[in-house]
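# Topology and contacts: notes
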Amino acid sequence: MSFIRQSLGILEYLLSTWWMRPVAAACTMLGFFLTGAAFVSVSSLSAGMESMWRLSGRDDVAVIVAQSSLSELNSRLPISIPDLLRQAPGLAVGRSIRPEVVGTTTLLSHGDLRPHSILVRGREVAAERDPHAIVKGRWFRSGTSEVVVGSEVAARMTGVEVGRALMVNGTVLRVVGVRRASGGLEDSEISGDALAMAAALGMSGQWSLVRVKLSAAAAFAPFSRYLDSMPGLGVSAIRESELAERQAAGFRKLIQLPGAVLIGLMALGACLGSVTVLQSAMQRRSREIATLRALGFDAASLGMSTLIESALLAVLGALAGGVTASWLLQGVAVVTSTGMHAIAFHLDTPLTSIIAAVIGAVTVGLVGGIVPALSVLRLRAIDALRISDAA
């Protein structure tokens, strides 16, 4: 008999005995089920966050902030900056320079009434915003204390219904609309007229940042060189997409490092569980092993079938865990904090995360099957019969 035929024949026999030891098989698969579910959960959180940041940045938009600032919240620019940028090369036609003020206010969430710091953004012109983004009410009018709230803010925070008065640092603002940015950062913000928001945030006479729409993504280089040639400005330029990626990097570490530790520990537990269960099963099957050896099955095929059985248990457990986690988490909204303000985004569970979970489980399963497989390789037929008689 060939090695492959022997291995497949033994594997078929081993699989047919699962019903005789359902608890052992179920316990092994449970460990991989939890590992697969944890992997997909962390991947869903990371993918949802990445999607949110990706939707929030463009290559053909430059963001101007103060050189000493670490974020847009602590950036302060002179009120004259927009006028100084009008002679820069690479500007798009039309209203290409959009100064903004940025600050925060505290709102309470629905249900648990927990306080959350929400980003408040003031823009110079409301007319150029997409009217189709408004899902309820209307856009704010320039020169007024009207604001629109992001869809996630409207869904999760109290006191931001259309028509309600919103207090920001002692200034009364009127909510006139709800906007949706298709999963971008603006869904977690409050937007209003720049001058009104500057007064409410105590930032009159200054800007937080300036967004500059460029004629093309390639125009960023000459635009940046123009700013570098004016060192007295004390500003720096960065692509909007790069700023989003920089902000996402901190979240990526915050999510992926603890997630990797958790998944590693669960995978280790699943691996040790697989070793224990298969080793115990091997001892209980000692008479069958001796019989198979007597019938001409070699030790290598017996060991290979044990490895394949371990990998198969891992695949079934991880696949079930990954699919279950994906089904439960797809589209679920999560509220977290950047450390300075809250953001909300929806979890995303790509098929690749399930595939990666299964591939990882196969690897762990094979590692977990090495010890039982080596035990089978070293076990002589006479010794197998002795173990069986002793049991």
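Residues numbered from 1 in each chain as written. Predicted model: local features only at pLDDT ≥ 70, side-chain atom pairs only at ≥ 80, totals over all residues. Heavy atoms only, no water.

### Remarks on the overall build of the protein
Worth spelling out the cut-off: Put simply, DSSP H or I for four residues or longer makes a helix, DSSP E for two residues or longer makes a strand, and each gets a number counted from the N terminus. Under the scheme applied here, a residue whose accessible area is under 20% of the maximum for its type counts as buried, over 50% as exposed, and between as partly exposed, the area being computed with a 1.4 Å probe on protein chains only. Any two residues whose heavy atoms approach within 4.5 Å are treated as being in contact.
The secondary structure content of the protein amounts to 11 helices and 14 strands. Here the protein holds 391 residues, and the buried ones make up 49% of them. Taking the intrachain contacts of the protein between residues at least 6 apart in sequence as the baseline, contacts between residues at least 24 apart amount to 79%.

### Considerations on the nonpolar core
Quick reminder of the rule: Side-chain atoms within 4.5 Å link the members of a nonpolar core, which is a set of buried Ala, Val, Leu, Ile, Met, Phe, Trp, Tyr and Cys residues.
With 42 residues, the main nonpolar core has Leu85, Ile190 and Phe223 as its most contacted residues. With five residues, helix H5 (residues 194-200) is the largest single contributor of residues to this core. Not counting residues within four places of it along the chain, the set of residues in contact with Phe223 comprises Ala62, Ile64, Leu85, Ala88, Pro89, Leu91, Val212, Leu214 and Ala237. Membership of the second largest hydrophobic core comes to 11 residues, among which are Ala38, Leu185, Val334 and Leu347.

### A few points about the confidence of the model for the protein
In plain terms, the rule: Per residue, pLDDT captures the predictor's confidence, and it can take any value from 0 to 100.
With 79% of its residues at a pLDDT of 70 or more, the protein has an overall mean of 79. Here residues 387-391 is modelled with pLDDT under 50, and outside its nearest four sequence neighbours on either side it reaches six contacts, counting other chains as well.

### As for the pattern of salt bridges
The cut-off we apply is this: What makes a salt bridge here is a side-chain nitrogen of Lys or Arg within 4 Å of a carboxyl oxygen of Asp or Glu, nothing more.
In total, this model carries 16 salt bridges according to the counting rule given. The closest approach of N and O atoms between Arg86 and Asp83, which form a salt bridge, is 3.3 Å. For the salt bridge of Arg141 with Glu146, the shortest nitrogen-to-oxygen distance reads 2.6 Å. Salt bridges here are not isolated pairs; linked through shared partners, they connect Glu72, Glu100, Arg121, Arg123, Arg179, Glu186, Glu189, Arg211 and Glu240.

### Some remarks on unusual backbone geometry
Trans peptide bonds make up the majority, and among non-glycine residues the majority have a negative phi. Positioned with a positive phi, Asn169 is a non-glycine residue whose angle comes to about 50 degrees. As for its position among the elements, Asn169 is in the loop between strand S7 (165-168) and strand S8 (171-179).

### Things to note about the side chain of Arg239
By secondary structure assignment, the location of Arg239 is in strand S12 (residues 235-239). Setting aside residues up to four positions removed in sequence, Arg239 forms contacts with Arg58, Asp59, Val61, Ala217 and Phe220.

### Details of the environment of Met49
Position of Met49 relative to the elements: it lies in helix H2 (residues 22-55). For the pair formed by Met49 and His346, sequence separation is 297 residues and the distance between their alpha carbons is 7.8 Å.

### Observations concerning the packing of aromatic side chains
To describe a pair of aromatic rings, you give the distance between the ring centres and the angle between the ring planes. We count it as follows: Pairs were defined over the aromatic rings of Phe, Tyr and Trp, the Trp ring being its six-membered one, requiring ring centres within 6.5 Å. Orientation was assigned from the angle between planes: stacked under 30 degrees, edge-to-face over 60, tilted for the rest.
For the structure shown, the criterion picks out one aromatic pair. Between the aromatic rings of Trp139 and Phe140, the centroid separation amounts to 5.9 Å while the plane-to-plane angle is 80 degrees, which identifies the pairing as edge-to-face. This pair shows no difference in class: Trp139 is buried, exactly as Phe140 is.

### Let's talk about the environment of Ile370
Tracing the backbone through its elements, the reader meets Ile370 in helix H10 (residues 351-378). In the structure, Ile370 is positioned 64 residues away from Thr306 in sequence and 8.3 Å away in space, judged by C-alpha atoms.

### Brief notes about the side chain of Arg211
Rules: Under this definition, polar contacts are N or O atom pairs within 3.5 Å; protein pairs additionally need one hydrogen-donor-capable and one acceptor-capable atom, and for neighbouring residues in sequence, both atoms have to be side-chain atoms.
As for its placement among the helices and strands, Arg211 is situated in strand S11 (residues 209-213). Polar contacts involving the side chain of Arg211 include one to the side chain of Glu100, which spans 2.9 Å. Beyond its immediate stretch of four places on either side in the chain, Arg211 contacts Val61, Ala62, Val63, Glu72, Ser96, Ile97, Arg98, Glu100, Arg121 and Glu240.

### Observations concerning helix H6 (residues 220-228)
Counted only if it meets this: Taken from the helix axis, the directions to the C-beta atoms give the arc we talk about.
What H6 keeps buried is the set Phe220, Phe223, Ser224, Tyr226 and Leu227. For H6, the angular spread of the buried residues around the axis is 155 degrees, confining them to a single face. Counted as exposed and oriented over 90 degrees from the buried face of H6: Arg225 and Asp228. Among the structural elements, strand S1 (61-66), helix H3 (81-85), S11 and S12 are those in contact with the buried residues of H6.

### Concerning the pairing of strand S9 (residues 189-193)
Note the threshold: Strand pairing follows a simple DSSP-based rule, namely that at least 2 bridges must link the two strands.
Counting buried residues in S9 gives five out of five residues, a clear majority hidden from the surface. Sheet topology note: the strand S4 (residues 115-123)/S9 ladder contains five bridges and is parallel. Counted as the bridge partner of Arg123 is Asp193 from S9. The pairing of strand S6 (residues 146-150) with S9 spans three bridges and is classified as antiparallel. From the neighbouring strand, Val148 faces S9, where its bridge partner is Ser191.

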